[in-house]
Amino acid sequence: MKQVFKPADAAELYSVPYWSSGFFRVSDKGQIEVTPPGGIYANLQEIVDDLIASGESLPMILRFPQVLGGRVRQLSEAFRRAIEEYDYGGRYQGVFPVKVNQRRMVVETIADAGWDYATGLEAGSKAELALCLAQDLNPRALLCCNGFKDDGFIKLALWGRSLGKNVVITLEKFSELDRILKIARELKVKPAIGIRFKLHAKGSGQWEESGGDGAKFGLNSSEMLAVVERMRQENMLDSLVMLHCHIGSQITDIRRIKVGVREATQVYANLVREGVPLQYLNVGGGLAVDYDGSKTTFYTSANYTLQEYASDVVYTIGEVCKQTQVAAPTIVTESGRALTAHHAILVMPVIDVTGPTREQPLLLERREGQHAIVSELDELLESINKRNYREIYNDAVANKETVHNLFDLGYLSLYERARGESLYNQILQRVAKFVQDMDYIPDELEDLGKVLADKYICNFSLFQSLPDNWAIDTLFPIVPLSRLNEKPTREAILVDITCDSDGKVDKFIDLRDVKSTLTLHEWEGGPYYLGIFLMGAYQDVLGSAHNLFGKVNEAHIRVKTGGKYELELFVKGQKARRMIENMGYEEDMLLESMRDQAEAAVKKGRMSADLVAEFLEDYSEELLGYTYLEYED
Ligand SMILES: *Cc1c(COP(=O)(O)O)cnc(C)c1O
């Protein structure tokens, strides 16, 4: 009996309720909707269809400022509630580390949504500081300067104080102090300094080494006390305003956070009792995103919610302050990933499907005198049945390898090799049918799913759009934007259009494990768009130009009431010319070379003179074109 497949089944299959933090859902019509705070919604497929109808192309990033603003408010409100609940004596002020996403739209949206909460920014380089200084922030908002600093960086930070901004320079190493004091004297500015402390506590997951004794940044206990002494001698103790620590990104286990925060608060309390008038305790980033929705300590998950994070940080700091009888500091966090991940979605079209179980265009006819190894595969295919398919599968795998070895040694013809391969594929298809009906897959067949998987070719570059999937195996939720009221029947991996065999996605989220295939609908040749979700943190700036595939098109969408939306801004992706020029070529030089070559070809009689103009036009048009595949249907 055929079971009906409902949108709720699709939501479950793709874990939508578990990773979406309430920002996405599957509609009754089987399409994905974005649902920013305030009871509004919009249909992603409809947005993309409208943009395509108006002449824009995929791949494309959809950005939702209301989702981003929603995250900023959620975080600050979570701390407000925790402060109320535990009767905490201090305040909370978030800071956004711009390295996570320096996009103008992102920084301005955070500054705007965070105005009432005095949300600030964190810069880790001169360039980042330059852009942060130009933002319109609440005057109370912090501007933290982290990272290694040269004189130019320090100067810029101090000028910021002259402008009346709440700039704090974080000491990452002891030797920075002398230079800060010297430049501050020259500029006649009183610096505000934070000390980054190397916690003994470590994070968990992939960034474990950001904390602990071996950390790249920060001062150890004795260096920190030396800073205090130095500042006391200078009569500038009141310039030490912040204690800062950061135990890594994507901390999956809340216990690690509590341990780190407890240690940091002890250090804070000790310094205050030494007479250092600190005001801010900055507990850094690390607030994790539950990419797979499993709510576990798995590296792409987190075993806590935003509210639990805020509550545990506030409670832990409050308790230590009570015990040590120290005034409760203003709590600062530098959450980046958790603020920005949700707001951006990469939409890419499937452009082709291949794979071992797709219909074989031809099973070559059996010829007299074919090699015995090929005949064996013929026999395996003929004799396969429900009872022996496991054995046959193993034999077929071995035979296929032998076919390739014999071919390499010159014992098989190309015809025999081709026939052997297609027999092998037929056997796989039969095995797949038997396996489909099983609840339990025996170990020896576990890899079969991967072997049999379709390859859905998608118009995107993994290196440009999803670098963390390639580099550190971050798993992003991937869901078709439509047809979610229809049972998907294919198991697939995704491959991109770069000429790099690494350009593929073959690990997918799962509530219990990692899946090696993604369940997708049969592709019928028409538009079928996949959304890659939670990609708003780090991906935009870490992306690289492999094969000169450039930045993709971007649409900034404001959702209105009644399922309506408004295109706020469309940012065109990089053109081929820009990518080529980034490599040191100049457009003029390219065009001149083309003209010279065309003229030479005309002289030699290879090209007819009246086609030169058309050729040059085609060439120039490509320079101005999108770097991704463009099909006109
Ligand atoms: C990268 C970084 C952050 C951001 O961390 P998330 O895990 O993205 O919140 C915060 N603080 C410092 C010092 C960082 O280096």
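Residues numbered from 1 in each chain as written. Predicted model: local features only at pLDDT ≥ 70, side-chain atom pairs only at ≥ 80, totals over all residues. Heavy atoms only, no water.

Draft legend 1. Spatial organisation of the overall build of the chain. Secondary structure summary: the chain contains 22 helices and 21 strands in total. Each of the three principal axes of the chain carries a C-alpha extent, and together these read 100 × 70 × 55 Å. Considering only residue pairs separated by 6 or more positions, the chain has 76% of its internal contacts joining residues 24 or more positions apart. When the accessible surface of the chain is split by element, carbon and sulfur atoms take 49% of a total near 29200 Å². Considering the chain, the positive charge centre built from 71 side chains and the negative charge centre built from 93 side chains are found 6 Å apart. (Helix = DSSP H or I, 4+ residues; strand = E, 2+ residues; numbered from the N terminus. Contact = heavy atoms within 4.5 Å. Areas by Shrake-Rupley, 256 points an atom, 1.4 Å probe, with all protein chains shown as cover. Lys, Arg positive; Asp, Glu negative; His and termini not counted. Charge placed at Lys NZ, Arg CZ, Asp CG, Glu CD.)

Draft legend 2. Fine view of the packing of helix H7 (residues 151-162) against helix H8 (residues 176-187). Their axes nearest at 10 Å, the elements H7 and H8 cross at an angle of 50 degrees. Classified by the angle their axes make, H7 and H8 are oblique. In this structure, H7 meets H8 at a crossing whose hand is right-handed. Two secondary-structure elements touch here, H7 through Asp-151, Ile-154, Lys-155, Leu-158 and Trp-159 and H8 through Arg-179, Ile-180, Ile-183, Ala-184 and Leu-187. Among the residues forming the contact of H7 with H8, the class breakdown is seven nonpolar, no polar and three charged. (Axes fitted to C-alpha atoms, helices over the stretch in contact; angles between N-to-C directions. Parallel < 35°, antiparallel > 145°, perpendicular 65-115°, else oblique. Left-handed = near helix turned anticlockwise from the far one by under 90°. Nonpolar A, V, L, I, M, F, W, Y, C, P; charged D, E, K, R; others polar.)

Draft legend 3. Molecular detail of the domain arrangement of the chain. Once the domains are mapped, the chain shows domain 1 (150-328), domain 2 (361-449) and domain 3 (576-623). Computed from C-alpha atoms alone, the centre-to-centre distance between domain 2 and domain 3 is 50 Å. (Domains from an automatic or database assignment.)

Draft legend 4. The site of the ligand, seen in detail. Taken together, 16 residues surround the ligand, and among them Lys-99, Ser-249, Glu-334, Gly-336 and Tyr-538 come closest. Between the ligand and Lys-99, the relevant distance is 2.7 Å, taken from an oxygen atom to a side-chain nitrogen or oxygen of the residue. Within the side chain of Glu-334, an N or O atom sits 2.6 Å from a nitrogen atom of the ligand. Coverage of the ligand by the protein chains reaches 92% of its 390 Å² of free accessible surface. Tallied by class, residues from the shell around the ligand come to three nonpolar, nine polar and four charged. (Near = heavy atom within 4 Å. Polar contact = N/O pair within 3.5 Å; in protein donor to acceptor, adjacent residues only side chain to side chain.)

Draft legend 5. Quick look at the sheet that holds strand E5 (residues 92-97). Overall, parallel pairing links the eight strands, which are arranged E5-E6-E7-E8-E9-E10-E11-E12 in a closed barrel. The mean inter-strand angle of the sheet, taken between neighbouring strand axes irrespective of direction, is 25 degrees. Two elements, E5 and strand E6 (residues 120-123), share three bridges in a ladder whose sense is parallel. Across the sheet, residue Val-95 finds its bridge partner in E6, namely Gly-120. Helix-sheet contacts for H7 involve E6, strand E7 (142-145) and strand E8 (166-171), and the interaxial angle to E8 is about 150 degrees. (Pairing = 2+ DSSP bridges.)

Draft legend 6. Summary view of the packing of H8 against helix H9 (residues 221-233). Running from N to C, H8 and H9 cross one another at 25 degrees; their axes reach a closest spacing of 11 Å. Regarding the angle of H8 to H9, the classification is roughly parallel. The hand of the H8/H9 crossing is right-handed. Packed against H8, whose contacting residues are Leu-177, Asp-178 and Leu-181, the element H9 presents Val-227, Arg-230 and Met-231 at the interface.

Draft legend 7. Highlighting the sheet that holds strand E1 (residues 24-26). Reading across the sheet, the three strands line up as E1-E2-E3 and stay open at both edges, with antiparallel pairing between neighbours. Single-partner strands in this sheet number two, and they are E1 and strand E3 (42-43). Pairing geometry for strand E2 (residues 32-34) and E3, over two bridges, is antiparallel. The residue bridging Val-34 from the neighbouring strand is Ala-42, located in E3.

Draft legend 8. Main features of the pattern of salt bridges. Summed over the entire model, instances satisfying the criterion amount to 35 salt bridges. Two residues, Arg-25 and Glu-33, come together in a salt bridge whose shortest N-O distance is 2.8 Å. Residue Arg-25 is classed as partly exposed on the basis of its relative accessible area, which comes to 37%. Between Lys-572 and Glu-56 there is a salt bridge, with the nearest N and O atoms lying 3.0 Å from each other. In this pair, Lys-572 sits in the loop between strand E21 (565-571) and helix H20 (576-582) while Glu-56 sits in the loop between helix H3 (44-53) and strand E4 (60-63), placing the two residues 516 residues apart along the sequence. The structure contains a network of salt bridges with shared partners spanning Arg-63, Arg-103, Asp-540 and Glu-554. (Salt bridge = Lys/Arg side-chain N within 4 Å of Asp/Glu carboxyl O. Buried < 20%, exposed > 50% of the residue type's maximum accessible area, 1.4 Å probe, protein only.)

Draft legend 9. Representation of unusual backbone geometry in the model. Cis rather than trans, the peptide bond between Leu-58 and Pro-59 has omega equal to 0 degrees. Look at Asn-235: it is not a glycine, yet its phi comes out positive at around 60 degrees. Assignment of secondary structure puts Asn-235 in the loop between H9 and strand E10 (240-244). Of note in the backbone geometry, Asp-473 takes a positive phi value of approximately 60 degrees without being a glycine. Here Asp-473 shows up in the loop between helix H18 (467-472) and strand E15 (478-480).

Draft legend 10. Quick peek at helix H13 (residues 372-383). Compared with an ideal rise of 1.5 Å per residue, which puts 12 residues at 16 Å, H13 spans 16 Å between its outermost C-alpha atoms and is within 8% of the ideal. Looking at H13, one finds that the buried residues are Ile-373, Val-374, Ser-375, Leu-377, Asp-378, Leu-380 and Leu-381. Where H13 is buried, its residues contact helix H14 (389-408) and helix H15 (414-436). (Expected span 1.5 Å × (residues − 1).)

Draft legend 11. Highlighting the packing of aromatic side chains. In this structure the tally under the stated criterion is 15 aromatic pairs. Ring centres of Phe-148 and Phe-217 lie 4.8 Å apart, and the angle between their planes is 45 degrees; on these two criteria the pair is classed as tilted. Of this pair, Phe-148 sits in the loop between E7 and H7 while Phe-217 sits in the loop between strand E9 (193-196) and H9, and the two are 69 residues apart along the sequence. Among the aromatic residues, those joined into a ring-pair cluster are Phe-79, Tyr-92, Tyr-304 and Tyr-309. Above the ring of Phe-153, the side-chain terminus of Lys-149 is found at 6.0 Å from the ring centroid. The side chain of Arg-367 reaches across the aromatic face of Tyr-415, ending 3.8 Å from its centre. (Phe/Tyr/Trp six-rings, centres within 6.5 Å; stacked < 30°, edge-to-face > 60°. Lys NZ or Arg CZ within 6 Å of the ring centre and 35° of its normal.)

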